[in-house]
Each structure stands twice: as C-alpha cells, then as structure tokens.
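Below, each chain spelled out in residue letters.
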Amino acid sequence: MRPPTDPIESYSNITSMNTTEQSSVVHNPYGVAVICTKDRPDEIEMSCEAVHRASPNMPILVMDASIAEATRHVCESLTRKHETSLKLFYRHARRSGLARQRNEAIEICRELDVDVVHFIDDDTDVSSGYFDAIERRFLNNPSIMGLGGIIVNQPRVEHLMLKRFFMLYSRRRGSVLRSGRNTLGQYPGTHANDPVDWLSGCSMSYRLTAFSEIMFDDRLEGSSLGEDYDFSFRLSRKHKLAVEPSAICVHYQTPNARSSVRGSARQSIQTMYRWVVENRALGMSRLAFWWATLGDVVFHATPWIFRGNADALQETLGILEAVIAIIRNHGPSISVILPRSNGASP
C-alpha cells in the first residue's frame, strides 16, 4: 500500500505464476521488470502492484532469496487477484545475495529474449508511464546503454562546501569521486543530456546486451549494497548512461531486513577501500579515500557530540572499526557492501 502522502502524485527453467501467459512473454516483450528480494513480502506486494499499475503489460520477474514461503504466497495471491492480466514470474534464487540474484535474473531474461532489463527495488513505487518513458528513450537513443529514473523523495545533501572539501560530494550530479564516494544523479531537475557515472539500483534499466560485457560482482554476499554503483560505474567507462526525467519513482527505503547501522558503516568503509584499490587504474586514489574517511568521521561524530544522536555514534564506531581493520589487515578478503551514495548523507 502507498503511504497517505504519495510523493509520486505530489510531483508535477522458469517458474511462471501465470503459465497461460508464458508464451506471450517469451516471444514479444521489449522489457521486463526485475525485483530481487529477501524476506519482504509486504514490499513485494507493493512494488508488483506499482509495476502492474504503471504498465499493465509489463512482465515481472521476482527473484526471491527468502527462506520462508511468504513472498511466494504473495505472488500467488497477486496472480489470483489479477488473473491473466498480470504476467508475473516467480523464481527462488539458487544462491542468496543481491548481486548473485541479479546475475541469475539476467540468465532468465536471456531465456525470455527481452531487450531491456528494468531493475527496481522491492521498496520502490514507480509512476504511470515509468517504463514506457525509459523504453522510448532506449529506442530513440541507440548509444545509451543504461537509464535511471528520477527518485523524487531522495534527501538533499547538506553542508556542501565541507563535503566537497573532504571529497565526499561533487557539484556534478551522478559523479564518482577519486575517494570512492559518489553523488546521486537521479534528482528532480536532472536533465536528459546530463552525463552520469552510475545509477541507483532502486531505479536502473539496461539493455540486455550490456551483460554480455559486464556482470554484477558475484563475490558479494548478503545485501551486497553498492553492487549497483560498482556495475554501473564500470559500464559507464565504456558506454553512455543517462537519466530519463519523465520516469518518476519513489524509494521508501524500508527498514525491514537491513543490517545494523554500525555493521553497515563498518562493512561499507572496508569494501570501499578494496574497491578504490582495485580501481586505481580508473582514477581512484587511496590518499583521497583516507581524506574522505576522515570527513566521514567528522560528519557522523558531530551529531553525536552536540545532539547525542545514537545512530550517529553507532555509525562513527563502525567507521573507526573499519579503519582499524584496514590498517591491521589491509582490508577484508571480500565484504558484503560496496560504496553507498552520499546523495542521502545527513
């Protein structure tokens, strides 16, 4: 269900749940909506309803890593509710982990013979015409390999001057800094021709051919936060990415089944360090990473010191634990989280 205040409205072998629709899905569609999920049945119901409402003929592939059967039951209930008008495919993932689930979904999309893969998160609500706008843009612009929509409820960044000083932020939307940090490019007001270096996983669409060159990092486990950043940045080194301003969505960022604040901060910094080291040939800098990490400590410790913000304290402790681990071990062998966007920084 949508919240009472709806940001969208305020902004000017394949397991088919509908087997009778399988032949029409396999032969014709231009795109398919892919939703990877784990232990979020309520969110899956919301996002599937949103896709069907936005584009009734859009096939939906749910890639589920849940242990329980609740998500499967939600999908079965949706197909009974909408009958043959809903083209919904459910697949239980062979391996858990968001990056791995995305890769498995790509394998299925190849079997479906689609041209475009629309990834949205299970807590994303898309507006009417979202998919039509993106697919029309792909058809009219053959050079574009990836497109993102506008995320209308994304928090704005504060303390811009200081964050630029610490290499935590850039004036250019959708950019990646040498520190490994990034700036969201999918804000309202972003223009269609603005270049972007990466796309957010809650709203990113790619030509299927993109995955013949690059796949998501299969080493990542768990929530794999940042797999979107890593994939899209590597793709942007070879092909054009862009934002479609008329494709509108809301990302609710549900708290369900997320890691702790402290654990997420620790894992994010550790894996960001590894990512920077692995991508020095693409302009990343360890010195810039450490300077930005100092800035992270400053920005997260300040709310704790002056306002007693408990989450800020936990995040600060997580960052410091990551720094100690990196110094002792030169970074983890592999972690479960890649860099997060500073588009939502406090």
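Residues numbered from 1 in each chain as written. Predicted model: local features only at pLDDT ≥ 70, side-chain atom pairs only at ≥ 80, totals over all residues. Heavy atoms only, no water.

**A few points about unusual backbone geometry**
Note: most residues except glycine have negative phi, and most peptide bonds are trans. Notably, aspartate 113 is not glycine yet its phi reads approximately 65°, a positive angle. Structurally, aspartate 113 is set in the loop between α5 (98–112) and β4 (116–120). Here the phi dihedral of histidine 159 falls at roughly 55°; this positive angle occurs in a residue that is not glycine. With respect to the element layout, histidine 159 can be found in the loop between β6 (144–151) and α7 (160–165). (Helix = DSSP H or I, 4+ residues; strand = E, 2+ residues; numbered from the N terminus.)

**Notes on a nonpolar patch on the surface**
A cluster of nonpolar side chains, contributed by Leu162, Phe165, Trp291, Leu294 and Val298, occupies part of the molecular surface with about 460 Å² of accessible area. The element contributing the most residues to the nonpolar patch is helix α10 (residues 286–307), with three residues. Mapped onto the secondary structure, leucine 162 falls in helix α7. (Patch = residues over 30% accessible without salt bridge, like charges linked within 9 Å, V, L, I, M, F, W, Y side chains within 5 Å. Areas by Shrake-Rupley, 256 points an atom, 1.4 Å probe, with all protein chains shown as cover. Salt bridge = Lys/Arg side-chain N within 4 Å of Asp/Glu carboxyl O.)

**Focus: the packing of aromatic side chains**
Counted under the stated rule, the structure contains 18 aromatic pairs. Centroid distance phenylalanine 119 to phenylalanine 211: 6.4 Å. Interplanar angle 75°. Geometry classified as edge-to-face. Within this pair, whereas phenylalanine 119 is found in strand β4, its partner phenylalanine 211 is found in the loop between β7 (203–207) and α8 (227–236), the two being separated by 92 residues in sequence. A relative accessible area of 0% places phenylalanine 119 in the buried class. According to the relative accessible area criterion, phenylalanine 211 is buried, its value standing at 2%. On the basis of an interplanar angle of 85° and a centroid distance of 6.3 Å, the ring pair of phenylalanine 166 and phenylalanine 299 is categorised as edge-to-face. With phenylalanine 166 in the loop between α7 and β7 and phenylalanine 299 in helix α10, the pair connects residues that are 133 residues apart, well separated along the chain. What makes phenylalanine 166 buried here is its relative accessible area of 9%. Overall, the relative accessible area of 12% leaves phenylalanine 299 in the buried class. (Phe/Tyr/Trp six-rings, centres within 6.5 Å; stacked < 30°, edge-to-face > 60°. Buried < 20%, exposed > 50% of the residue type's maximum accessible area, 1.4 Å probe, protein only.)

**Some points on the pairing of strand β8 (residues 240–251)**
Among the 12 residues in β8, nine count as buried, and that is most of the element. Pairing geometry for strand β5 (residues 124–126) and β8, over three bridges, is antiparallel. Bridged to aspartate 125 within β8 is valine 250. In this sheet, β8 lies alongside β6 in parallel orientation, the contact comprising six bridges. Note on β8: the bridge partner recorded for glycine 148 is valine 243. (Pairing = 2+ DSSP bridges.)

**Points about the environment of arginine 237**
Relative to the helices and strands, arginine 237 is located in the loop between α8 and β8. Assessed through its relative accessible area of 39%, arginine 237 is described here as partly exposed. Taking C-alpha positions, arginine 237 is 7.9 Å from aspartate 197, a pair spaced 40 residues apart along the chain. Non-local contacts of arginine 237, meaning those with residues more than four positions away in its chain, are made with Asp197 and Leu282. (Contact = heavy atoms within 4.5 Å.)

**Points about the packing of helix α9 (residues 261–278) against helix α11 (residues 310–329)**
Where α9 meets α11, the closest approach of the two axes is 7 Å, and the angle between their N-to-C directions is 35°. For the crossing formed where α9 meets α11, the hand is right-handed. Facing Val261, Arg262, Ala265, Arg266, Ile269, Gln270 and Tyr273 of α9, the residues of α11 in contact are Asp311, Gln314, Glu315, Leu317, Gly318, Ile319, Glu321, Ala322, Ala325 and Ile326. A class-by-class count of the residues in the contact of α9 with α11 yields nine nonpolar, three polar and five charged. (Axes fitted to C-alpha atoms, helices over the stretch in contact; angles between N-to-C directions. Left-handed = near helix turned anticlockwise from the far one by under 90°. Nonpolar A, V, L, I, M, F, W, Y, C, P; charged D, E, K, R; others polar.)

**A few points about α10**
Taking 1.5 Å per residue as the helical rise, α10 with its 22 residues ought to reach 32 Å, and the 32 Å between its terminal C-alpha atoms agrees with that figure. Approximately 25° is the largest bend angle found in α10, and it occurs at alanine 301, with the proline proline 303 only one to four residues beyond. By the burial criterion, the buried members of α10 are Ala288, Phe289, Ala292, Thr293, Gly295, Asp296, Val297, Phe299, His300, Ala301 and Pro303. Those residues of α10 hidden inside the fold are in contact with α7, α9 and α11. Sitting at the amino-terminal end of α10 is serine 285, which places a side-chain oxygen 3.3 Å from the backbone nitrogen of leucine 287. Looking at the residues trailing α10, positive phi occurs at glycine 308, about 65°. (Expected span 1.5 Å × (residues − 1). Bend = angle between axes of the 7 residues up to and from the residue. Polar contact = N/O pair within 3.5 Å; in protein donor to acceptor, adjacent residues only side chain to side chain.)

So, to be careful, I would describe these as geometric facts and stop short of saying anything about function.
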